[in-house]
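Listed here are the chains, written in short residue letters.
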Amino acid sequence: VQLQASGGGLVQPGGSLRLSCVVSGTIFSINAMNWYRQAPGKQRELVAGITSRGSTNYADSVKGRFTISRDNAKNTVYLQMNSLKPEDTAAYYCNFRDIVRGNYNYWGQGTQVTVSS
């Protein structure tokens with residue numbers, strides 16, 4: 001099983017980025033997917049999640065600004081981030097627990113998002 005995250009970068013406050021995470025080696029469509037982030041010196045935190053049926057949940061800090069979505073035909077989960085703030089600066093990780101493999105917890109390699117003027 002592999003998770004390949006991409007889409008991070010440097011953006012000015014108020015800007016937007018879209019992160020992508022491509023999953024291979026398992027049955028993508030049956031698994032809930034998550035995006036986490038970790039800023040320097042802070043614990044990793046859940047940003048957003050999406051179930052296999054498309055129900056979503058968000059951290060309070062990103063509600064109304066971030067949108068998680070999935071394309072099962074492309075084995076890809078997305079995180080659209082709008083109105084970015086400096087406090088959104090972090091490494092972002094995609095994650096899921098694989099139902100096929102006894103809920104084994106998989107992590108992507110992380111993609112860096114830096115919000116700065």
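Rules used throughout
- Residues numbered from 1 in each chain as written.
- Predicted model: local features only at pLDDT ≥ 70, side-chain atom pairs only at ≥ 80, totals over all residues.
- Heavy atoms only, no water.
- Helix = DSSP H or I, 4+ residues; strand = E, 2+ residues; numbered from the N terminus.
- Buried < 20%, exposed > 50% of the residue type's maximum accessible area, 1.4 Å probe, protein only.
- Polar contact = N/O pair within 3.5 Å; in protein donor to acceptor, adjacent residues only side chain to side chain.
- Contact = heavy atoms within 4.5 Å.
- Patch = residues over 30% accessible without salt bridge, like charges linked within 9 Å, V, L, I, M, F, W, Y side chains within 5 Å.
- Areas by Shrake-Rupley, 256 points an atom, 1.4 Å probe, with all protein chains shown as cover.
- Salt bridge = Lys/Arg side-chain N within 4 Å of Asp/Glu carboxyl O.
- Disulfide = S-S within 2.5 Å.

Undergrad: Could you give me a rundown of the side chain of Thr-26, with the residues and numbers involved?
TA: As for its placement among the helices and strands, Thr-26 is situated in the loop between strand S3 (17–24) and strand S4 (33–38). Taking the relative accessible area as the measure of exposure, Thr-26 reaches 15% and is therefore buried. At 3.3 Å, the side chain of Thr-26 and the side chain of Arg-101 are in polar contact. With residues near it in sequence (within four places) discarded, Thr-26 still touches Val-1, Asn-31, Phe-96, Asp-98, Val-100 and Arg-101.

Undergrad: Kindly report on a nonpolar patch on the surface, identifying the contributing residues and their values.
TA: A cluster of nonpolar side chains, namely Ile-27, Ile-30, Ile-99 and Val-100, defines an oily patch on the protein surface of about 330 Å² accessible area. Relative to the assigned elements, Val-100 resides in the loop between strand S9 (90–98) and strand S10 (104–107).

Undergrad: Outline unusual backbone geometry, supporting the account with residue identities and numerical values.
TA: We note that Asn-75 has phi near 55°; this positive angle belongs to a residue other than glycine. Among the secondary structure elements, Asn-75 is positioned in the loop between strand S7 (66–71) and strand S8 (76–81). At Asn-103, a position not held by glycine, the phi torsion is positive, near 65°. Position of Asn-103 relative to the elements: it lies in the loop between S9 and S10. Judged by relative accessible area, Asn-103 falls into the partly exposed class, the value being 42%.

Undergrad: An account of the state of the cysteines is needed here, citing residue identities and associated values.
TA: Put plainly, a disulfide is one covalent bond tying together the sulfur atoms of two cysteines. Applying the stated rule across the entire model yields 1 disulfide. Each sulfur in the disulfide pair Cys-21 and Cys-94 lies 2.0 Å from the other. Between Cys-21 and Cys-94 the disulfide shows an S-S torsion of about 55°. By sign, it is right-handed. One end of the pair, Cys-21, is in strand S3; the other, Cys-94, is in strand S9, with 73 residues separating them in the sequence. Judged by relative accessible area, Cys-21 falls into the buried class, the value being 0%. On the basis of relative accessible area, Cys-94 is assigned to the buried category, the value being 0%.

Keep in mind that these numbers describe shape and distance, not what the molecule does.
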